Amino acid sequence: MYLEHAQDVLGQWLDWRRESKTALVIVTATEGGAVRMPGALMAVSASGDRCGYISGGCIDADVAHHARQALSTGRIKRLRYGKGSPFIDLPLPCGGAIDVCVLPNAQTSVLRACHDQLASRQKAILSLTASGDLGFEHPLMASALHFRYAPKLRLRIAGRGADSLALARLATASGTHTELQLRDAADALDAQRLGIERVTTLTVPSALPKLDDDPWTAFLLAFHDVDWEEALLAQALKGAAFYIGAIGSKATHARRCERLQSIGFTERETHRIRGPVGLIPSMRDASSLAVSVLAEIVEVYQRKVRSPLSSTARDCLRV
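Residues numbered from 1 in each chain as written. Predicted model: local features only at pLDDT ≥ 70, side-chain atom pairs only at ≥ 80, totals over all residues. Heavy atoms only, no water.

Engineer: For the confidence of the model for the protein chain, give the residues involved together with the corresponding values.
Structural biologist: Of the residues in the protein chain, 88% reach a pLDDT of 70 or more, and the chain-wide mean stands at 88. With pLDDT under 50 throughout, residues 132–140 is counted as low confidence; its partners more than four residues away or in other chains account for 20 contacts. Below pLDDT 50 for its whole length, residues 311–316 participates in 15 contacts with residues either more than four positions away or in separate chains. (pLDDT = per-residue confidence, 0-100. Contact = heavy atoms within 4.5 Å.)

Here it is in structure tokens:
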């Protein structure tokens, strides 16, 4: 199960833990070109099922083997792969190194708190310490290690036609929580056929759905209609979305910003709106535009996740 976000891996750990012992594996450090970042998680059940991954496939099976051993002994394991590793039969093709910590007895309450915090769209921090917070003490844990996790990316698309549907299909396939706000009943039916669950019908510009964008939401306006553009962008600008974009040319974008400024928005506020959107300019078909726009959104999201100035966690959860 190649789930990768901490919320999903912890959710599976909690499900398995209700039935039997389950180990949690954390990447504690990397050197060189490692696939995953420190803090990447894997859950391994007593029966050998695993969720999440910590490499490109070169060591995951061996880590899962050690995790099952740790479940049998109840003792923490610290493993190193690659440069400086005792496992000379498992070299890393990238030439780097990966340190992992296998936790056979992680405290359910701590992991549930981290999961629930992420599920409630808040950042969370897990801390590995030598003070027995996981129910054990380890002499090699010289200092605390803190792993920060951001809520999952959420995408809200308001639009019509192929552009909206292509982006929603691509985002959904990538595991991004996606909501479509559509004007046409035919588009809504097509969205349901594509398996997109959250579809809202737009009726009139004066009665928009309630705004629920948070700092981990990206909003894209994906159709041309002056009345709808003004209403939807004005609403988005009042919210907390980290990304606001609108399809269209440079000239179209300049005109929409002028209209928004004429109704009271400042130039600084309208500067939040990206247009034209996408990493690749002038895409003329819906599928290519979808790839270009989603890539741009993911890039901006990753910058926010890695920024020390982005919203901070409410609690530091010791595991």
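Next, the rest of the story.
Engineer: Before we move on, can you summarise the sheet that holds strand β4 (residues 77–82) with the specific residues and values?
Structural biologist: Taking strand neighbours across the sheet as the criterion, the 5 strands line up as β3-β2-β1-β5-β4 in an open arrangement whose pairing is antiparallel. Each edge of the open sheet carries a strand with a single partner, namely β3 (50–52) and β4. Averaged over neighbouring strand pairs, the angle between their axes works out to 20° when direction is ignored. Judged from the 7 bridges that link them, strand β1 (residues 22–31) and strand β5 (residues 97–103) form a sheet pairing that is antiparallel. (Pairing = 2+ DSSP bridges. Helix = DSSP H or I, 4+ residues; strand = E, 2+ residues; numbered from the N terminus. Axes fitted to C-alpha atoms, helices over the stretch in contact; angles between N-to-C directions.)

Engineer: How would you summarise the packing of helix α4 (residues 161–173) against helix α9 (residues 286–306) if you had to cite specific residues and measurements?
Structural biologist: Packing of α4 against α9 brings their axes to within 8 Å, and their N-to-C directions diverge by 55°. The angle between the axes of α4 and α9 places the two elements in the oblique class. The two elements α4 and α9 meet at a crossing, and its hand is right-handed. Counted together, A162, D163, A166, L167, L170 and A171 of α4 and A286, S287, L289, A290, V291, V293 and L294 of α9 form the full contact between these two elements. Its residues placed into classes, the contact of α4 with α9 shows 11 nonpolar, 1 polar and 1 charged. (Parallel < 35°, antiparallel > 145°, perpendicular 65-115°, else oblique. Left-handed = near helix turned anticlockwise from the far one by under 90°. Nonpolar A, V, L, I, M, F, W, Y, C, P; charged D, E, K, R; others polar.)

Engineer: Explain the environment of E299 residue by residue, including any values.
Structural biologist: Position of E299 relative to the elements: it lies in helix α9. Spatially, the C-alpha atom of E299 lies 9.3 Å from that of L279, the residues being 20 residues apart in sequence.

Engineer: Go over the pattern of salt bridges, please, and point to the residues and values.
Structural biologist: This structure, assessed with the given rule, holds 17 salt bridges. With a shortest N-O distance of 3.0 Å, R154 and E179 are connected by a salt bridge. Here E179 lies in strand β9 (residues 177–182) and R154 lies in strand β8 (residues 154–159), a separation of 25 residues in the sequence. Like E179, R154 is buried. One salt-bridge network, held together by shared partners, links R154, R156, E179, R198, D212 and D213. (Salt bridge = Lys/Arg side-chain N within 4 Å of Asp/Glu carboxyl O. Buried < 20%, exposed > 50% of the residue type's maximum accessible area, 1.4 Å probe, protein only.)

Engineer: I'd like a rundown of the packing of aromatic side chains, residues and numbers included.
Structural biologist: If you walk through the whole model with that rule in mind, you get 3 aromatic pairs. Arranged with centres 6.0 Å apart and planes meeting at 50°, the rings of F242 and Y301 form a pair that is tilted. Separated by 59 residues along the polypeptide, F242 in the loop between α6 (226–237) and β12 (243–246) and Y301 in helix α9 bring together distant segments of the chain. Given the relative accessible area of 18%, F242 is considered buried. Given the relative accessible area of 8%, Y301 is considered buried. Of the aromatic side chains, those joined through ring pairs into one cluster are W216, F242 and Y301. Across the ring face of Y53, the terminal group of R36 is positioned such that the distance to the ring centre comes to 4.4 Å. Lying over the aromatic face of W216, K304 brings its terminal NZ or CZ to 4.6 Å of the ring centre. (Phe/Tyr/Trp six-rings, centres within 6.5 Å; stacked < 30°, edge-to-face > 60°. Lys NZ or Arg CZ within 6 Å of the ring centre and 35° of its normal.)

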